[in-house]
Amino acid sequence: DQQVKQNSPSLSVQEGRISILNCDYTNSMFDYFLWYKKYPAEGPTFLISISSIKDKNEDGRFTVFLNKSAKHLSLHIVPSQPGDSAVYFCAASAGAQKLVFGQGTRLTINP
Amino acid sequence: SAVISQKPSRDICQRGTSLTIQCQVDSQVTMMFWYRQQPGQSLTLIATANQGSEATYESGFVIDKFPISRPNLTFSTLTVSNMSPEDSSIYLCSVDGLMNEQFFGPGTRLTVL
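First, a word on what this report is: a plain description of the structure on this page. (Residues numbered from 1 in each chain as written. Chains lettered and ligands numbered in written order. Predicted model: local features only at pLDDT ≥ 70, side-chain atom pairs only at ≥ 80, totals over all residues. Heavy atoms only, no water.)

### A closer look at the pattern of salt bridges
Working step 1: Across all of its chains, the model carries three salt bridges over all chains by this definition.
Working step 2: Between E58(B) and K98(A) there is a salt bridge, and its shortest N-O distance comes to 2.6 Å. Placement of E58(B) in the loop between β6 (56–57) and β7 (68–72) and of K98(A) in the loop between β9 (86–93) and β10 (100–101) is noted, with the two residues assigned to different chains.
Working step 3: For E58(B), a relative accessible area of 17% gives the class buried.
Working step 4: The salt bridge partner of K65(B) is D87(B), with a shortest N-O separation of 2.6 Å. (Salt bridge = Lys/Arg side-chain N within 4 Å of Asp/Glu carboxyl O. Helix = DSSP H or I, 4+ residues; strand = E, 2+ residues; numbered from the N terminus. Buried < 20%, exposed > 50% of the residue type's maximum accessible area, 1.4 Å probe, protein only.)

### Structural notes on the interface of chain B and chain A
Working step 1: Across the contact, 20 residues belong to chain B and 18 residues belong to chain A.
Working step 2: Summed over both sides, the interface of chain B with chain A buries roughly 1600 Å², with 56% coming from carbon and sulfur.
Working step 3: Counting the contacts that link chain B with chain A gives five residue pairs in polar contact (both at pLDDT 80 or more).
Working step 4: Looking at the side of chain B that touches chain A, the elements that each hand over two or more residues are β4 (31–37), β5 (43–50), β9 (89–96) and β10 (102–104) of chain B.
Working step 5: The element contributing the most residues to the side of chain B that touches chain A is β4(B), with four residues.
Working step 6: The residue makeup of the side of chain B that touches chain A, split by class, is eleven nonpolar, six polar and three charged. (Contact = heavy atoms within 4.5 Å. Buried area = accessible area lost by both parts, 1.4 Å probe. Polar contact = N/O pair within 3.5 Å; in protein donor to acceptor, adjacent residues only side chain to side chain. Nonpolar A, V, L, I, M, F, W, Y, C, P; charged D, E, K, R; others polar.)

### Some details on the packing of aromatic side chains
Working step 1: Here the structure, examined in full by the defined rule, presents 13 aromatic pairs over all chains.
Working step 2: Where Y35(B) meets F104(B), the ring centres are 5.3 Å apart and the plane angle is 55°; that geometry is what we call tilted. Placement of the pair is Y35(B) in strand β4 and F104(B) in strand β10, with a sequence separation of 69 residues. For the pair Y35(B) and F104(B), one class covers both residues: buried.
Working step 3: Centre to centre, the rings of F66(B) and Y91(B) are 6.5 Å apart; their planes meet at 45°, and the pair counts as tilted. Of this pair, F66(B) sits in the loop between β6 and β7 while Y91(B) sits in strand β9; the two residues are 25 residues apart in sequence, bridging distant segments of the chain. Just as F66(B) is buried, Y91(B) falls in that class too.
Working step 4: An aromatic cluster is defined as three or more aromatic residues linked by ring pairs; in this entry it consists of Y36(A), F46(A), F89(A), F101(A), Y35(B), F103(B) and F104(B). (Phe/Tyr/Trp six-rings, centres within 6.5 Å; stacked < 30°, edge-to-face > 60°.)

Scope: geometric values only; no functional claims are made or implied.
Structure follows, in structure tokens:
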């Protein structure tokens, strides 16, 4: 049972444009959501998070949107840069700090 | 955020043998976590390790196969026992942050022949 789903295994975006990565979840008990970025041969790096009491959180070029009624969150990166090329994982937790991860989306930023 | 190191960074092992992976953190942390990322898959939590108590294992993972030690607040080990090719994965440790985020080590890439 995949509680956190990233339905797009890959995404290609032109440099300077907006990248939108999507994530859906099924467990209504999740109350905290996170995005991680992973380069090859490195561990995941924490990017940004959002609590279920909010619908938006912004940090520089990164914004996470949460739609609780749709059980959907998205990560917006604008403007996209070549260094943003990586695999992005969304994750969710239900208060106990156990993180449940999606399958990941490979983002490629083209010059 | 904490600085986390893992040893070894990679290894190639023969089936039937065991490998112990070390995780070192530069500050004291309450909870440490061990994950597995099989090829092309997501990260799956193996167990949560608290200092001074036995690790808590997730469904599908057992102590005999993945024994964990947590001797102090900055160190933990995960052993992959009696390995088979299906154990070929990246093994990652992580620690909890001030909020609900976790910070990850660089991972150990294990190949079992």
